[in-house]
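Fold and geometry: a report
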Amino acid sequence: MDEVEKYKLQVKAMRKIISKYADEINSFEVKSIPELKAFVNPVEPSVKKIVENLKADFEKKTGKPYSEENLNKLSFAAFHFVSSLDVIGVDLPVSFWFTPSDVIELGAADAFDRAIFLCSLLVNIGAEAKVHVLEVEKALRHPVVLMQSDKVYLL
C-alpha cells in the first residue's frame, strides 16, 4: 500500500469514528451565537504572540516603534495574517471549534474560527471589534468581523 492509499484509509477510519460518536461530540461542541462570540479571547497566549510578531514586523518595516496612531495599519496586518491561513471546509457530521493555538498549529481554520481569531487579534491591539453572524440564506450563517475606525465600521 502506497502513502496515498494509507492516507485515504486513515481518513476513512477517522470519518467512521467521528460519525460513530457524532452525538456525543456535538453535545459538547454545539454553540449558540452568544456562546460563539464569547470565544473571542484577546489575552490567549497564541493571540498575544501573533500581535507581538505583527508589532515587531511593523517596527522593522517602518523603523518606528508601534503606537496606537498606527492601529489601522496593524489591524490591516492582522487581517492579512488571518487571510493567509488555509480555509478548512470539512464536511463532518459534527460541530467543532478550534482555539487560536489550534489555528496556528494547523495554519488553517473554517470561517467561524477565522472570524473569532481575527476579532481576538483586533481587540488585543486595541481596536473595537465584534463578530456578527449573518443569515445569508435560509439556515446558512456566515460570520463577519466589524471594527470601528474613525467612527466608521469596516467589514
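Please refer to the structure higher up on the page.
Read on for an overview of the structure. (Residues numbered from 1 in each chain as written. Predicted model: local features only at pLDDT ≥ 70, side-chain atom pairs only at ≥ 80, totals over all residues. Heavy atoms only, no water.)

With respect to the overall build of the chain
Test applied: Numbering of helices and strands runs from the N terminus; a helix is a DSSP stretch of H or I covering at least four residues, while a strand is a stretch of E covering at least two. Burial classes follow relative accessibility: with a 1.4 Å probe on protein chains only, a residue under 20% of its type's maximum area counts as buried, one over 50% as exposed, and anything between as partly exposed. We call two residues in contact whenever any of their non-hydrogen atoms come within 4.5 Å of each other. With residues, only the protein chains shown are counted as cover, and all accessible areas are computed by Shrake-Rupley using a 1.4 Å probe.
Secondary structure assignment for the chain yields seven helices and five strands. Secondary structure of the chain in N-to-C order comes out as α-α-α-α-α-β-α-β-α-β-β-β. Residues classed as buried in the chain amount to 32% of the 155 residues present. Pairs at least 24 apart in sequence give 52% of the contacts found in the chain among residues at least 6 apart. In the structure as shown, the chain presents an accessible area of about 10600 Å², 57% of it carried by carbon and sulfur atoms.

Topic: the packing of helix α5 (residues 71-83) against helix α7 (residues 111-124)
Our working rule: Lines are fitted to the C-alpha atoms to define the axes, a helix being fitted only along its stretch in contact, and any angle between axes, read from their N-to-C directions, falls within 0 to 180 degrees. Should an angle lie under 35 degrees it is considered roughly parallel, over 145 roughly antiparallel, and from 65 to 115 roughly perpendicular; all remaining angles are considered oblique. By definition, any crossing whose near helix is turned counterclockwise from its far helix by less than a right angle is left-handed, and any crossing with a clockwise turn is right-handed.
Where α5 meets α7, the axes come as close as 10 Å, and the angle between the chain directions of the two elements is 155°. For the element pair α5 / α7, the angle class is roughly antiparallel. Remark: the crossing between α5 and α7 carries right-handed chirality. Counting all contacts with α5, which are made through S75, A78, F79, F81, V82 and S83, the residues of α7 involved are R114, F117, L118, L121 and L122.

Some points on α5
Since the α-helix packs 3.6 residues into each turn, any two residues three or four apart lie on the same face. Stated precisely, the cut-off is as follows: Each helix should span, by expectation, one fewer than its residue count multiplied by 1.5 Å. This arc is built from the directions going out from the helix axis to the C-beta atoms.
Taking 1.5 Å per residue as the helical rise, α5 with its 13 residues ought to reach 18 Å, and the 18 Å between its terminal C-alpha atoms agrees with that figure. Burial in α5 covers these residues: L71, L74, S75, A78 and V82. Axial view of α5: buried residues confined to an arc of 105°, hence all on one face. Seen from the buried face of α5, the exposed residues on the opposite side, beyond 90 degrees, are K73 and F76. Here the buried face of α5 lies against α4 (45-62), α7 and β4 (140-149).

Some remarks on the packing of aromatic side chains
What counts here: Here is the rule: rings of Phe, Tyr and Trp (six-membered ring for Trp) pair when centre to centre is within 6.5 Å. Planes less than 30 degrees apart are stacked, more than 60 are edge-to-face, and the remainder are tilted.
Taken as a whole and assessed by the stated rule, the structure comprises two aromatic pairs. Their ring planes at 85° and their centres at 5.9 Å tell us that F58 and Y66 sit as a pair that is edge-to-face. On the basis of relative accessible area, F58 is assigned to the buried category, the value being 11%.

A few points about the pattern of salt bridges
This is how it is decided: By definition, a salt bridge exists where a carboxyl oxygen of Asp or Glu is found within 4 Å of a side-chain nitrogen of Lys or Arg.
Applying the stated criterion across every chain yields a total of one salt bridge. With a closest N to O distance of 3.9 Å, E3 and K6 form a salt bridge. Here the residue E3 and the residue K6 both occupy positions in helix α1 (residues 3-20), the gap between them amounting to three residues, near one helical turn.

Let's talk about the side chain of E44
What counts, and what does not: Under the counting rule used here, the positive set is Lys and Arg, the negative set is Asp and Glu, and His together with the chain ends is not counted. Identification of polar contacts relies on pairs of N or O atoms within 3.5 Å, with a donor-acceptor requirement for protein atoms, meaning one able to donate a hydrogen and the other able to accept it, and with residues adjacent in sequence counted only if both atoms are side-chain atoms.
Relative to the elements of secondary structure, E44 occurs in the loop between α3 (33-37) and α4. Within the buried set, E44 has no salt-bridge partner at all; the shortest N-O distance to an opposite charge, 9.4 Å, is to K48. Of note is the side chain of E44, whose polar atom sits 2.7 Å from the backbone nitrogen of S46. The contact partners of E44, leaving out residues within four places of it in the chain, are P100 and S101.

As for the nonpolar core
Defined as follows: Think of a nonpolar core as a cluster: buried Ala, Val, Leu, Ile, Met, Phe, Trp, Tyr and Cys residues, connected wherever their side-chain atoms sit within 4.5 Å.
Ranked by size, the top nonpolar core spans 25 residues in total, and within it F117, L121, L122 and V145 carry the most contacts. When contributions to this core are tallied by element, the ones reaching two or more residues are α4, α5, α7, β3 (128-137) and β4. No other element matches the six residues that α7 contributes to this core. In this structure F117 touches V47, I50, F81, V82, L85, P100, V103 and I104, once residues within four positions along its chain are discounted. In this structure, L36, F112, I116 and V133 belong to the second largest nonpolar core, which totals five residues.

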